[in-house]
Amino acid sequence: MGTGFRKRPGSNKQVPYFSHEFVIQNHGDIATCVCMVFIVGLMFQTTTPLASAFIAPKHNITELDQPAVLYTYGFKDACLLFFYTIAAIIFHAIIQEYVLDKLMRKVRLSKTKANKFNESGQLLSFYALSAFWALSIFKDEGYFHSLSFFWNEYPHVGLTFMTKFFFIIQMSYWMHILPELYLQKVKREEMPAKILFAGLNFAISLLIYLLNFSRIGITLLFIDHTVNVLFHFSRLMHFSGKNKIARNCFRVYNILFVLTRLAAIFLSIIVFWFGLKNSSVESINFEEKNFNSPIVRTTSLVVVLLLQAWMMWNFILFQCKKLRENSKTSSTKTTLKHVQKKQRAAKESSDTDLDTREETSDSEKIKSN
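Below is a short write-up of the structure. The shown structure was predicted, so the numbers you read here are calculated from the model rather than taken from an experiment.

Structural notes on a nonpolar patch on the surface
Here's step 1: Taken together, Met 36, Ile 39, Val 40, Met 43 and Phe 44 make up a surface patch of nonpolar side chains, about 480 Å² in accessible area.
Here's step 2: Inspection of the secondary structure puts Phe 44 in the loop between α2 (27-41) and α3 (48-55).

Next up, the structure:
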């Protein structure tokens, strides 16, 4: 981002146009230019219909007697995903250049730690934005006034602008991770884990969107994103050298992680097993977009429970690993202190023997004289 194209660091020679290095160094500017083409298209009458398909939500199902504008999903959402995936690349570049790079200059980190610092900074900004966005939806649409809100009037085909846009941004962000692997020069051995992580998050957001489980879906995403905000903030504090703040934040995170997993399990069982069961249908009704069949409902619940169990298992393994590392460190420190204590005692005893010998020799000399 910025004025003019970048040059290779430490060199006055400009990289060749349209080379890999040129695209990587200037990908934020290139993505901005692509988005500007669509925005400029809105200014002309002939191109407005095409440009608006990539920018504004489509599939409006609002009826005359409805006070709020409602949308559903359809094939035109693919255009939105394309445009906002490019917008996510711009968002990534802005956070990197104007926030993270400036913070990186204040701390000296190895390349591995620097990559983790940048990753946590990017995810922290996304999770924080998503959490605040979800809170706004909760407030505007009257979530949590009653537990039955999650299953009443299902299928929830009509989505408000903010709700539909929330899921479009969720899916676009996880899609932009794929081109970022190339743009950030991620090592090949690190790619599978990042692709799996982004793919799972994209699939979860997509299924919530398509199966019309938006109310319970946003709530579960909010629970997950909120605790992840604390986790990545703690990592940033750790890499910044603020260990005391990081330790306290990690302790709070460890407690909240377990509580949020239990909350997600409890809420999912209440909604999928008990609440939606009252309006269950024998088979899927594609015309009405009603997916509240026993198979879909049970599968959705099993997927949620398996995800929570998988995250808890990884969390337990990580904590056990940390405990082993801490015990080894403490035992090493204890051994080192014991050795140092022995060395001090041996030195003191040798000094005492030397003093005794000197006193004996002096007394012998006096007697001889």
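After that view, the rundown keeps rolling.
Quick word on the environment of Trp 273
Here's step 1: With respect to the helices, strands and loops of the structure, Trp 273 is situated in helix α9 (residues 243-275).
Here's step 2: Taking the relative accessible area as the measure of exposure, Trp 273 reaches 43% and is therefore partly exposed.
Here's step 3: Residues Trp 273 and Pro 294, spaced 21 residues apart in sequence, show a C-alpha to C-alpha distance of 9.2 Å.
Here's step 4: Residues contacting Trp 273, with those up to four places away along its chain left out, are Ser 268, Thr 298 and Leu 301.

Side note on the nonpolar core
Here's step 1: Core analysis: the largest hydrophobic core is formed by 50 residues, its most contacted members being Tyr 84, Phe 166, Phe 167, Phe 213, Ile 216 and Ile 218.
Here's step 2: Beyond its immediate stretch of four places on either side in the chain, Ile 216 contacts Phe 150, Leu 267, Val 271 and Phe 272.
Here's step 3: In this structure, Leu 100, Met 104, Phe 117 and Phe 239 belong to the second largest nonpolar core, which totals eight residues.

Some remarks on the side chain of Gln 96
Here's step 1: Checked against the element boundaries, Gln 96 lands in helix α4 (residues 77-104).
Here's step 2: Given the relative accessible area of 13%, Gln 96 is considered buried.
Here's step 3: Polar side-chain contacts of Gln 96 include one of 3.4 Å to the side chain of Gln 122.
Here's step 4: Aside from chain neighbours lying at most four places away, what touches Gln 96 is Asp 101, Asn 118 and Gln 122.

Things to note about the side chain of Ser 172
Here's step 1: Tracing the backbone through its elements, the reader meets Ser 172 in helix α6 (residues 161-183).
Here's step 2: Ser 172 gets classed as buried once you look at its relative accessible area, which sits at 1%.
Here's step 3: Setting aside anything within four residues of it in sequence, one finds Ser 172 in contact with Leu 80, Leu 81, Tyr 84, Thr 85 and Ala 88.

So, the state of the cysteines
Here's step 1: Taken as a whole, this structure holds zero disulfides when the rule is applied.
Here's step 2: Free of any disulfide, Cys 33 has its nearest cysteine sulfur in Cys 35, 9.6 Å distant.
Here's step 3: With relative accessibility at 51%, the residue Cys 33 sits in the exposed group.

Digging into the pattern of salt bridges
Here's step 1: Taken as a whole, this structure holds five salt bridges when the rule is applied.
Here's step 2: Ionic pairing is found between Asp 77 and Lys 164, a salt bridge with its closest N-O pair at 2.9 Å. With a gap of 87 residues between them, Asp 77 in helix α4 and Lys 164 in helix α6 connect regions that are remote in the sequence.
Here's step 3: Salt bridges sharing partners connect three or more residues here, namely Glu 119, Lys 194 and Arg 235.

Some thoughts on α2
Note that an α-helix has 3.6 residues per turn; residues three or four places apart therefore point the same way.
Here's step 1: Counted at 1.5 Å a residue, the expected span for α2 with its 15 residues is 21 Å, and the 22 Å between its end C-alpha atoms agrees.
Here's step 2: All of the buried residues in α2 are His 27, Gly 28, Asp 29, Ala 31, Cys 35, Phe 38 and Gly 41.
Here's step 3: Contacts from the buried residues of α2 go to α1 (20-25), α3, α4 and α6.

Looking at unusual backbone geometry
Here's step 1: Note the cis peptide between Tyr 154 and Pro 155, where omega equals 10 degrees.
Here's step 2: One non-glycine residue, Glu 153, adopts positive backbone phi at about 65 degrees.
Here's step 3: One can find Glu 153 in the loop between α5 (111-141) and α6.

Thoughts on the packing of aromatic side chains
Here's step 1: Applying the stated rule across the entire model yields 35 aromatic pairs.
Here's step 2: Summarising the aromatic geometry, the rings of Phe 126 and Tyr 127 are spaced 5.7 Å apart at their centres and angled 50 degrees between planes, so their arrangement reads as tilted. Assigned by exposure class, Phe 126 and Tyr 127 land together as buried.
Here's step 3: Ring geometry for Phe 161 against Phe 165: centres 5.4 Å apart, planes inclined by 15 degrees, an arrangement best described as stacked.

Focus: the packing of α6 against helix α8 (residues 214-239)
Here's step 1: Between α6 and α8, the shortest axis-to-axis distance is 12 Å and the interhelical angle comes to 50 degrees. Taken together, the axes of α6 and α8 lie oblique to each other. Crossing of α6 against α8: the hand is left-handed. On α8, the residues touching Thr 163, Phe 166, Phe 167 and Gln 170 of α6 are Ser 214, Ile 218, Leu 221 and His 225.
Here's step 2: Of the residues belonging to the contact of α6 with α8, the class tally is four nonpolar, four polar and no charged.

Here's the deal with a positive patch on the surface
Here's step 1: Residues Lys 113, Lys 116, Lys 321, Lys 322, Arg 324 and Lys 328 make up a contiguous surface patch of positive charge.
Here's step 2: Elements that contribute at least two residues to the positive patch include exactly α5 and α10 (294-368).
Here's step 3: With four residues, α10 is the largest single contributor of residues to the positive patch.
Here's step 4: Turning to its location among the elements, Lys 113 is positioned in helix α5.

Considerations on the environment of Val 303
Here's step 1: Looking at where Val 303 falls in the secondary structure, it is placed in helix α10.
Here's step 2: Look at Val 303 and you get partly exposed, because its relative accessible area is 40%.
Here's step 3: Spatially, the C-alpha atoms of Val 303 and Ile 204 are 9.5 Å apart, while their sequence positions differ by 99 residues.

Cut-offs applied
- Residues numbered from 1 in each chain as written.
- Predicted model: local features only at pLDDT ≥ 70, side-chain atom pairs only at ≥ 80, totals over all residues.
- Heavy atoms only, no water.
- Patch = residues over 30% accessible without salt bridge, like charges linked within 9 Å, V, L, I, M, F, W, Y side chains within 5 Å.
- Areas by Shrake-Rupley, 256 points an atom, 1.4 Å probe, with all protein chains shown as cover.
- Salt bridge = Lys/Arg side-chain N within 4 Å of Asp/Glu carboxyl O.
- Helix = DSSP H or I, 4+ residues; strand = E, 2+ residues; numbered from the N terminus.
- Buried < 20%, exposed > 50% of the residue type's maximum accessible area, 1.4 Å probe, protein only.
- Contact = heavy atoms within 4.5 Å.
- Core = buried A, V, L, I, M, F, W, Y, C linked by side-chain atoms within 4.5 Å.
- Polar contact = N/O pair within 3.5 Å; in protein donor to acceptor, adjacent residues only side chain to side chain.
- Disulfide = S-S within 2.5 Å.
- Expected span 1.5 Å × (residues − 1).
- Phe/Tyr/Trp six-rings, centres within 6.5 Å; stacked < 30°, edge-to-face > 60°.
- Axes fitted to C-alpha atoms, helices over the stretch in contact; angles between N-to-C directions.
- Parallel < 35°, antiparallel > 145°, perpendicular 65-115°, else oblique.
- Left-handed = near helix turned anticlockwise from the far one by under 90°.
- Nonpolar A, V, L, I, M, F, W, Y, C, P; charged D, E, K, R; others polar.
- Lys, Arg positive; Asp, Glu negative; His and termini not counted.
- Charge placed at Lys NZ, Arg CZ, Asp CG, Glu CD.

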